[in-house]
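Residue-level listing of the chains:
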Amino acid sequence: NPQILVTGANATIVNLINCKIIAASGTSLVNQSSNASSQLNVFSCDGNISGGSGTALFRNTGIGSLNLYFSSFTNTGASVTAYGISAGSGLIVSCGFNNGISTTVTGSTIISGTYIQNSAINASCLFTVSNAAATVTASNCYLDSGTASSVSLTGTNNTMNLTNSTLKSSNTNVIVNAGNTP
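Fair warning: this is a prediction, and the values are worked out from it, not measured in the lab.

Basis of the calculations
Residues numbered from 1 in each chain as written. Predicted model: local features only at pLDDT ≥ 70, side-chain atom pairs only at ≥ 80, totals over all residues. Heavy atoms only, no water. Phe/Tyr/Trp six-rings, centres within 6.5 Å; stacked < 30°, edge-to-face > 60°. Helix = DSSP H or I, 4+ residues; strand = E, 2+ residues; numbered from the N terminus. Buried < 20%, exposed > 50% of the residue type's maximum accessible area, 1.4 Å probe, protein only. Salt bridge = Lys/Arg side-chain N within 4 Å of Asp/Glu carboxyl O. Polar contact = N/O pair within 3.5 Å; in protein donor to acceptor, adjacent residues only side chain to side chain. Contact = heavy atoms within 4.5 Å. pLDDT = per-residue confidence, 0-100. Pairing = 2+ DSSP bridges. Disulfide = S-S within 2.5 Å. Core = buried A, V, L, I, M, F, W, Y, C linked by side-chain atoms within 4.5 Å.

Moving on, we come to the packing of aromatic side chains. Per the counting criterion, the structure on display carries six aromatic pairs. Consider the rings of Phe58 and Tyr83, whose centres lie 4.5 Å apart with planes at 40°: the pair is tilted. Taken together, the residues span a long stretch of sequence, with Phe58 in strand E7 (residues 56–60) and Tyr83 in strand E10 (residues 83–85) at a distance of 25 residues. For the pair shown, Phe58 and Tyr83 are each scored as buried. The interplanar angle of 65° and the centroid separation of 5.2 Å between the aromatic rings of Tyr83 and Phe97 together place this pair among those described as edge-to-face. With Tyr83 in strand E10 and Phe97 in strand E12 (residues 96–97), this pair connects stretches of sequence that are 14 residues apart.

As structure tokens, this is what we get:
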């Protein structure tokens, strides 16, 4: 069960400020509200994924937004389960992660000034996994995926815009693209 779950039809706004978030199992923060004005905002927080596979810090499955600012999260549980934005929108600014971000949303995810260090788990940093016409814009980011491709676009009709970013991978294909606009 999530530690924080935003749900229902109201325009609920939850702000987490200077909090420590520990994900021992499942997903800790979930926005599944049916109201487009709902928000789950994380400001200047830190935390850790201590649980193994299947454990993640956040997921947006509602039509509202999930926004993270100036936050940093480690992954001592070595979970390869990506943080998910599968509906609504996502905004990630100046954050640090040891786990990838998956988008399956018709809409946009904007990532700026963010460091994703996945070399210990050899997993992609950013990926799309559907035919949903997702648009991901990443600027001024550092993406280290170890032996995996740093960026993976699967499905069709997805767009990944990368600017002023460093992608590090020992994989032959730093970006894997299957039917999308890189």
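From this point, things continue past the structure.
Evaluation of the coordinates by the stated rule reveals two salt bridges. Here Asp46 makes a salt bridge to Lys20, at a shortest N to O gap of 3.3 Å. Remark: Lys20 occurs in strand E3 (residues 20–23) and Asp46 occurs in strand E6 (residues 46–49); sequence separation between them is 26 residues. The class of Asp46 is partly exposed, set by a relative accessible area of 35%.

Here Thr114 lies in the loop between strand E14 (107–112) and strand E15 (115–117). For Thr114, a relative accessible area of 2% puts it in the buried group. Here the side chain of Thr114 touches Ser112 through a polar contact of 3.1 Å, landing on its backbone oxygen. Apart from the residues within four sequence positions on either side, Thr114 is in contact with Ile92, Val93, Ser94, Cys95, Phe97, Asn140, Cys141 and Tyr142.

The predicted model of the protein chain averages 89 in pLDDT, with 93% of residues at 70 or higher. At the level of individual helices and strands, the protein chain shows its lowest average pLDDT in strand E16 (residues 126–129), which scores 78, and its highest in strand E2 (residues 13–17), which scores 97.

Turning our eyes to something else, we now look at the pairing of E6. Pairing of E3 with E6 involves four bridges; the strand directions are parallel. Looking at the pairing, Lys20 lines up with Asp46 of E6. The pairing of E6 with strand E9 (residues 72–74) spans three bridges and is parallel. Paired with Asn48 across the bridge in E9 is Thr74.

In this structure the tally under the stated criterion is zero disulfides. Just so you know, Cys19 is unpaired, no disulfide at all, and the nearest cysteine sulfur is the one on Cys45, 4.5 Å from it. Unpaired in terms of disulfides, Cys95 finds its nearest cysteine sulfur in Cys45, a separation of 9.3 Å.

Moving on: the environment of Ile4. You can see Ile4 is positioned in strand E1 (residues 4–6). Sequence separation between Ile4 and Lys168 is 164 residues, and the spatial gap between their C-alpha atoms is 33 Å. With residues up to four places along the chain from it excluded, the contact list for Ile4 reads Val14, Leu16, Ser28, Leu29, Val30 and Leu40.

Phe58, Leu68, Phe73, Tyr83, Phe97, Ile101 and Leu126 are the most contacted members of the largest nonpolar core, which totals 32 residues. For this core, the element with the highest residue contribution is E7, accounting for three residues. Beyond its immediate sequence surroundings of up to four residues, Leu126 is in contact with Ile101, Ile111, Ile116, Ala138, Leu143, Ser150, Val151, Ser152, Met160 and Leu162.

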